[in-house]
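For reference, the chains in residue letters:
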Amino acid sequence: MMTNAEKFIAAYQARLEAAVQADPEGYSYPMAEVPAVAARMVAAMGRGGANLSAAAKAAARDCGIKPTISGIRAYLEEAQ
């Protein structure tokens, strides 16, 4: 069973991959780096130290949570 953090990372990575694929020139990293970028960004969100991109907000909605830092932090901290 996946933890909330694993679910959110998977949703965020999928949304980020779609965004990079749709506009590769708009991102400073290639598709191959998306998993590492997603993991770093989710860790920053968990600390409350990240701005929410459209991909992060969409991932939050995919997980059924409020697309805010506080909503994401609470979801990541929930034991499951």
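Scroll up for the structure.
Just so it is clear, the structure is predicted and the values come from calculations on it, not from any experiment.

**Brief notes about the packing of helix α1 (residues 4-22) against helix α3 (residues 54-62)**
Now for step 1: Remark: α1 packs on α3, axes separated minimally by 8 Å, with the N-to-C direction vectors making an angle of 135°. Between α1 and α3, the angle falls in the class oblique. Of the two elements, α1 crosses α3, and the hand of that crossing is right-handed. Contacts from Phe8, Ala11, Tyr12, Arg15 and Leu16 in α1 reach Ala55, Ala56, Ala58, Ala59, Ala60 and Asp62 in α3.
Now for step 2: Of the residues belonging to the contact of α1 with α3, the class tally is nine nonpolar, no polar and two charged.

**Quick notes on helix α4 (residues 69-77)**
Now for step 1: Those residues of α4 that fall on the buried side of the exposure criterion are Gly71, Ile72, Tyr75 and Leu76. Each buried residue of α4 lies within a common arc of 130° when the element is viewed along its axis, so the set occupies one face. Away from its buried face, by an angle of more than 90 degrees, α4 presents the exposed residues Ser70 and Glu77.
Now for step 2: On the buried face of α4, the contacting elements are α1, α2 (34-47) and α3.

**Brief notes about the environment of Val37**
Now for step 1: Structurally, Val37 can be placed in helix α2.
Now for step 2: Under the relative-accessibility criterion, Val37 is labelled buried at 8%.
Now for step 3: Taking C-alpha positions, Val37 is 15 Å from Ala5, a pair spaced 32 residues apart along the chain.
Now for step 4: Non-local contacts of Val37, meaning those with residues more than four positions away in its chain, are made with Leu16 and Tyr29.

**Brief notes about the environment of Ala55**
Now for step 1: Summarising the element assignment, Ala55 is placed in helix α3.
Now for step 2: Filtering out sequence-adjacent residues up to four positions away, Ala55 remains in contact with Tyr12, Arg15 and Leu16.

**What about the pattern of salt bridges?**
Now for step 1: Applying the stated rule across the entire model yields one salt bridge.
Now for step 2: For Arg15, the salt bridge goes to Asp62, with nearest N and O atoms at 2.8 Å. With Arg15 in helix α1 and Asp62 in helix α3, the pair connects residues that are 47 residues apart, well separated along the chain.
Now for step 3: For Arg15, a relative accessible area of 37% gives the class partly exposed.

So, how was this worked out
Residues numbered from 1 in each chain as written. Predicted model: local features only at pLDDT ≥ 70, side-chain atom pairs only at ≥ 80, totals over all residues. Heavy atoms only, no water. Axes fitted to C-alpha atoms, helices over the stretch in contact; angles between N-to-C directions. Helix = DSSP H or I, 4+ residues; strand = E, 2+ residues; numbered from the N terminus. Parallel < 35°, antiparallel > 145°, perpendicular 65-115°, else oblique. Left-handed = near helix turned anticlockwise from the far one by under 90°. Contact = heavy atoms within 4.5 Å. Nonpolar A, V, L, I, M, F, W, Y, C, P; charged D, E, K, R; others polar. Buried < 20%, exposed > 50% of the residue type's maximum accessible area, 1.4 Å probe, protein only. Arc of directions from axis to C-beta. Salt bridge = Lys/Arg side-chain N within 4 Å of Asp/Glu carboxyl O.

In short, geometric facts, not functional conclusions.
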